[in-house]
Amino acid sequence: MLPTLGAALTALAAVIAAAAVAVQPGAAADCERSVAIDPQVTVSEAGQVLTFTVYTASCAAAGSVAYTVTDGTAGRPGDYQLAAGVLQWSAGDTGDRRVRASIADDGLAESLLKDFTVTLSSPSQNIRVRYPVGRGRVFDDDTGIRAATVDHRLCLLEPRASAPPPTPLPSLSPSAGPAPDPDWGTATPCTVESGNIMPTPLSTNGALPTAQTVRFRTFDGGLTAGLDYVAVDRTITIPAGATTVIVPIQLLPHAFTQPGKHLEVVISSYSGGVVVSGSARVTVWR
Ligand SMILES: [Ca+2]
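The rules behind these values
Residues numbered from 1 in each chain as written. Predicted model: local features only at pLDDT ≥ 70, side-chain atom pairs only at ≥ 80, totals over all residues. Heavy atoms only, no water. Pairing = 2+ DSSP bridges. Helix = DSSP H or I, 4+ residues; strand = E, 2+ residues; numbered from the N terminus. Contact = heavy atoms within 4.5 Å. Core = buried A, V, L, I, M, F, W, Y, C linked by side-chain atoms within 4.5 Å. Buried < 20%, exposed > 50% of the residue type's maximum accessible area, 1.4 Å probe, protein only. Domains from an automatic or database assignment. Salt bridge = Lys/Arg side-chain N within 4 Å of Asp/Glu carboxyl O.

Caption draft 1: The pairing of strand β8 (residues 113-121), seen in detail. The sheet contact formed by strand β4 (residues 63-71) and β8 spans six bridges and is antiparallel. By the bridge assignment, Ala66 is partnered in β8 with Ser121.

Caption draft 2: Up close: the side chain of Thr283. Examined against the element boundaries, Thr283 turns out to sit in strand β20 (residues 279-285). With near-sequence residues (within four places) excluded, Thr283 lies in contact with Tyr131, Arg153, Leu154, Cys155, Gly260, Lys261 and His262.

Caption draft 3: Representation of the nonpolar core within the structure. Ranked by size, the top nonpolar core spans 35 residues in total, and within it Met198, Leu202, Phe216, Ile249, Leu251, Leu263 and Val265 carry the most contacts. Sorting elements by how many residues they give to this core places β20 first, with four residues. Residue assignment places this core across two domains, with domain 1 (31-143) and domain 2 (145-286) each supplying three or more. If you look at the next biggest cluster of nonpolar residues, it comprises 23 residues, including Val35, Ile37, Ile103 and Leu120.

Caption draft 4: Just the pattern of salt bridges, in detail. Scanning the model with the defined rule gives eight salt bridges in all. The closest approach of N and O atoms between Lys114 and Asp79, which form a salt bridge, is 3.2 Å. Of the two residues, Lys114 sits in strand β8 while Asp79 sits in the loop between β4 and β5 (80-81), which places them 35 residues apart along the sequence. With respect to burial, Lys114 and Asp79 carry one shared label: buried. Across the pair Glu264 and Arg281 runs a salt bridge, and its minimum N-O distance is 3.7 Å. Note that Glu264 is positioned in strand β18 (residues 262-268) and Arg281 in strand β20, a separation of 17 residues in sequence. Shared partners join several salt bridges into a network, and the residues in it are Asp79, Glu110 and Lys114.

Caption draft 5: Broad picture of the pairing of β18. With six of its seven residues buried, β18 lies for the most part within the structure. Alignment of strand β15 (residues 212-220) against β18, held across six bridges, turns out to be antiparallel. Within β18, the residue paired with Arg215 across the bridge is Ser268. Two elements, β18 and β20, share five bridges in a ladder whose sense is antiparallel. By the bridge assignment for β20, His262 is matched with Thr283.

Here's what the structure looks like:
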């Protein structure tokens, strides 16, 4: 019996060795693709779609990464719908990916912000997950309370090879402007575009019939005003009918030597109602 077992083990070892040999050539890229997901995205229930951007940088190696979905205070299917999945890139593909959740416009008065998370996992060889967790927030619009909020952001310190949707910058751009790319919905990927501008959105839970205002300020984190970015302290107008406004923040050259560092944005004094979760971290990376 022993010789038979030995032969079986030898055969098994040969199979394993063959499998290893078979895997190696296809994965023989000499660099590592970085991927990262939007850290936080908030949409009004009326928005119906919540889109995370999954960014890719550093290297165009072939590979894949899976994502899992976890209910928080928002649950499926009552609040949103999103199944786990896999994102793939072929060699040379530098395009970002999207993960899109359907949001239920339920007509029920609930807490203003309910959340869930999307987590990148199981990267293939040659893929490094830099920022794995995205938090989706559903902004209730049924309580009669009007509210504004701001999201954490990751801003990639390089323009995209395959440009995501055009963002009309650097002027303030309400979502009521030109129709967004239907494939992107209202997502606003954060990459540093011409003029070193970072697009930073603020959101409300519902459009109002008249223009509203909100104060928008920046504060130093690891990034320093005057050295890394141009400080912002201004009153932003949210046009009638708009639920999102993109506020441009200008980076200075020194910021491009500071990947991984951040600044804070704070909103206050929303004329249409209240501010919830009114501060957020904007991190630059590459
Ligand atoms: Ca609701």
